Amino acid sequence: MTPWIGTAARLATGAVWLVAGAIKLPDPYESITAVRAYEILPEAVVPLVGHALPIVEVAVGLLLILGLLTRAGAMASAVLFAIFVIGIASVWMRGIEIDCGCFGGGGAKEGAFEEYPKEIARDVALLLASLWLVWRPRTRLALDNLLFRPLGRDPERNDDGEPAQEERLRQSRAGEGSHSSAP
Amino acid sequence: MGGVVAVVLALIIGGVWFQISRNSGPVETPANASSEYGFSVGEDDAPTEVEIIADYLCPACASFEGATDEQLAAAVEAGKAKVTYFPVVILDDYGDYSARAANAVGVVLDTAGPEVALEFNRNLFAEQPAEAGNKPDDDWLIDLAVESGAKEADIREGIEDSQFERWIKEGTQEAQRRGMKGTPTIFIDGKMVDPAAAATQIAAL
């Protein structure tokens, strides 16, 4: 069961990153505006972060969806969500009303205070899903299982620690056989 | 494992580099622009300098313009003020009208000079569409620009091709760096002034 929880966490979190990043790719200026609006980073690094963030988001999304380098992708995902939670909490506390720029947009926005609790709750939930994957990176339907199979392991066997169904059947049949043949 | 990590990192770095390179290189600036991202009327040595940063779709910008335009024109005429206008785009959530209108002002500035650009600026605010709903098309902008004194043959291509799109976007970034949170943002003699207070100061010019 555990590997399937991980698969669900991977696909949900990865899809959010992929969508959030892809929306921002066409207009880097908008992304820079969103980063600047938090009034946290110095102006010298705002354009670089604004340019880089959407690419990093797409990359983390693809890694998680494909199940490639899952632990590293989940760690990056967890760190980013933690930063976003802190960022939104920070503007909230300072009384700055902005569009969080989570899915495009960004900059000053009236009525943003109402959105902050929902945005933080969403990001905390996704942060927890990411941490689960850091803890249990082996999941079903992941590229990691094909690429990084430990040496000598039967290719038919899933690499999440549970034997494949055929193997389990074989094992149980072998067990029965040995019992019946014993006098 | 190391190979996969290297490929992933290379793709990320390449992607970031591609995004940055899309926004680098020289920005085409309209002829007759007075400062880097705006256009001015009035004498350079006028005692007061007013800077108006506005989005053509913003209702507060239209009402500020309506309340101060005549006084500013009189102050410019009397040599008391130099006024610089910065078209920016912040209301892009409502579609591309803000960007098209601001670009059109750049094209008119480029081909017909600051006086005609200012007249176009006036007309854009007088005929401002609602934020929500359908927006006028490029032909409407061209007609309004011609009405303001521009020549259709000179401006059509630049308006339809968004010739000064990057100039407008860079100008918007610069306005944010100067502290713009919303529009209109007004500077008087280099100091940011709340629009209501700015209107009072302008009335006293």
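Located above this text is the structure these notes cover.
No experiment lies behind these values; they were computed from the predicted model shown.

A. Structural context of the environment of Gly79(B). Residues and elements named next belong to chain B. Tracing the sequence through the fold places Gly79 in the loop between helix H2 (59-77) and strand E3 (81-87). By relative accessible area, which is 28% here, Gly79 ends up partly exposed. Placed 116 residues apart in sequence, Gly79 and Pro195 show a C-alpha to C-alpha distance of 22 Å.

B. View of empty space enclosed by the protein. Residues and elements named next belong to chain B. Overall, the coordinates contain one cavity of 30 Å³ or more when judged by the stated rule. Considering only enclosed or pocket space, the largest cavity measures out at about 90 Å³ in volume. Around the largest cavity, the lining residues are Ile52, Ala54, Tyr56, Cys61, Phe64, Glu65, Tyr85, Phe86, Pro87, Asn121, Phe125 and Pro184. At the level of elements, strand E2 (48-54), H2, E3 and helix H4 (114-126) are the ones that each hand at least two residues to the lining of the largest cavity. For the lining of the largest cavity, a count of residues per class yields 10 nonpolar, one polar and one charged.

C. Region of interest: the layout of surface pockets. The volume enclosed by the largest pocket comes to roughly 1,300 Å³. The wall of the largest pocket is formed by 49 residues, among which Gly106(A), Gly107(A), Ala108(A), Ile90(B) and Lys181(B) lie closest to the centre. Looking at the lining of the largest pocket, the elements with two or more residues in it are helix H2 (28-37), strand E1 (98-99) and strand E2 (107-108) of chain A together with H2, helix H3 (97-112) and helix H7 (165-177) of chain B. The greatest single-element share of the lining of the largest pocket, amounting to seven residues, is contributed by H7(B). Considered class by class, the residues forming the lining of the largest pocket number 18 nonpolar, 13 polar and 18 charged. Of the voids in this model, the second largest pocket is the one considered here, and its volume is about 470 Å³. Along the wall of the second largest pocket there are 26 residues; nearest its centre are Val35(A), Tyr38(A), Leu53(A), Ile83(A) and Phe84(A). Of all the secondary-structure elements, those providing two or more residues to the lining of the second largest pocket are helix H1 (2-24), H2, helix H3 (46-66), helix H4 (70-94) and helix H5 (115-135) of chain A. Here the element with the most residues in the lining of the second largest pocket is H4(A); it accounts for five residues.

About the criteria used
- Residues numbered from 1 in each chain as written.
- Chains lettered and ligands numbered in written order.
- Predicted model: local features only at pLDDT ≥ 70, side-chain atom pairs only at ≥ 80, totals over all residues.
- Heavy atoms only, no water.
- Helix = DSSP H or I, 4+ residues; strand = E, 2+ residues; numbered from the N terminus.
- Buried < 20%, exposed > 50% of the residue type's maximum accessible area, 1.4 Å probe, protein only.
- 1 Å grid on protein atoms, 1.4 Å probe; cavity = no way out; pocket = protein on both sides within 12 Å on 5 of 7 lines; lining within 4 Å.
- Points joined across faces, edges and corners; volume = space filled by probe spheres on them.
- Nonpolar A, V, L, I, M, F, W, Y, C, P; charged D, E, K, R; others polar.

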